[in-house]
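# Structural overview for review
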Amino acid sequence: MDNRLATLLTRGASLTRAEYRVLAHLTEHPLLVGNITVRELAQATFVSTATIMRLCQKLGFSGFSEFIWHCKQLLSDTPHIAAQGQSHPELPALFNQFIANYQHTFQWVTHDKRQQFADLLRHKESFFLYGAGFSYLFAEYLTKKLQVLGKTAFISGPGDSRNIFLSNAARYQVFIAVSRSGETEQVLDKARIAKNVGMTIVAFTRASANTLAGMADVHFALYDEAVHFAAEAAGVTSFESNLVLLMDLLLLEATG
């Protein structure tokens, strides 16, 4: 629920159940305000347009247009957190270390590499993404982002049969692998197949030398303060936050 529209619900003491359902629908989906007609709202909430008009009048508006205008005004008031005087917040001890780690990573993310990724995103339409363990979560994140951009993107992991990749590899143009170590055998197996069928390989790994990096056409190396990649599942480091930040930056540059 958007708190900026919540005040409308307090004015609904005399509303019928159907009218309240319409009001609740808008407070739960504020992005609809100004983008939905009275007929579409009626269909979405299983009421008649007459019910919506009665709702508007009970709330003190002459009609649907005035009601929507009022909702837009409420939504234009950006919520903010009250300032806490002039004091500066106390930052966690590791905050500066995380910032330094970001800077380490972006020393390796050169303009040429970012441009290569942007070119792929602009000129290729089908992407196959693969990750194992925690890396699967980040491969899935990038998959969803690509799908929102209108790309054909498919995510796979160790739980899927090898035949899924073998059967579909030829349909995809770009293979994106996420592997912290760059040595996970399931990932390397798919990368070899991708290379054999002519797919462009993009890899996200830690910055240390690894097999996957050597196979990739475009390799993004990330700073990793963990002593050894085997510790990745147990320790909390800046690697994952580096990874998400890098992915978002690449997508923003490519679509901006």
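For the structure itself, look to the data block above.
Remember, predicted model here, so these are calculated numbers, not experimental data.

Attention now goes to the overall build of the protein. Helix and strand counts for the protein come out as twelve helices and five strands. Within the protein, buried positions represent 42% of all 256 residues. Put simply, of all contacts in the protein between residues at least 6 apart along the chain, 67% involve residues at least 24 apart. Surface exposure of the protein reaches about 14100 Å², of which carbon and sulfur atoms provide 56%.

This part covers the environment of Glu183. Positionally, Glu183 belongs in the loop between strand S3 (174-178) and helix H10 (185-196). The sequence separation of Glu183 and Asn210 amounts to 27 residues, and the corresponding C-alpha distance is 6.3 Å. Here Glu183 is in contact with Leu188, Ala209, Asn210 and Thr211, once residues within four sequence places are set aside.

Both the distance between ring centres and the angle between the ring planes are used here to describe each pair of aromatic rings. A full pass over the atoms with the stated rule returns nine aromatic pairs. Between Phe128 and Phe154, the aromatic rings sit 5.3 Å apart at their centres with planes inclined by 50°, giving tilted as the arrangement. Of this pair, Phe128 sits in strand S1 (residues 126-131) while Phe154 sits in strand S2 (residues 152-156), and the two are 26 residues apart along the sequence. On the basis of relative accessibility, which here comes to 0%, the residue Phe128 falls in the buried class. In this structure Phe154 comes out as partly exposed when scored by relative accessible area, which is 31%. An aromatic cluster of three or more residues is present, and its members are Phe128, Phe154, Phe165, Tyr172 and Phe175.

Let us look at the pairing of S3. Of all five residues making up S3, five are buried, and the element is well covered by its neighbours. Burial along S3 is two-sided: Val174, Ile176 and Val178 and Phe175 and Ala177, pointing in opposite directions, are all buried. Here S3 runs beside strand S4 (residues 200-206); their pairing, made up of five bridges, is parallel. Counted as the bridge partner of Val178 is Phe204 from S4.

Procedures and definitions
Residues numbered from 1 in each chain as written. Predicted model: local features only at pLDDT ≥ 70, side-chain atom pairs only at ≥ 80, totals over all residues. Heavy atoms only, no water. Helix = DSSP H or I, 4+ residues; strand = E, 2+ residues; numbered from the N terminus. Buried < 20%, exposed > 50% of the residue type's maximum accessible area, 1.4 Å probe, protein only. Contact = heavy atoms within 4.5 Å. Areas by Shrake-Rupley, 256 points an atom, 1.4 Å probe, with all protein chains shown as cover. Phe/Tyr/Trp six-rings, centres within 6.5 Å; stacked < 30°, edge-to-face > 60°. Pairing = 2+ DSSP bridges.

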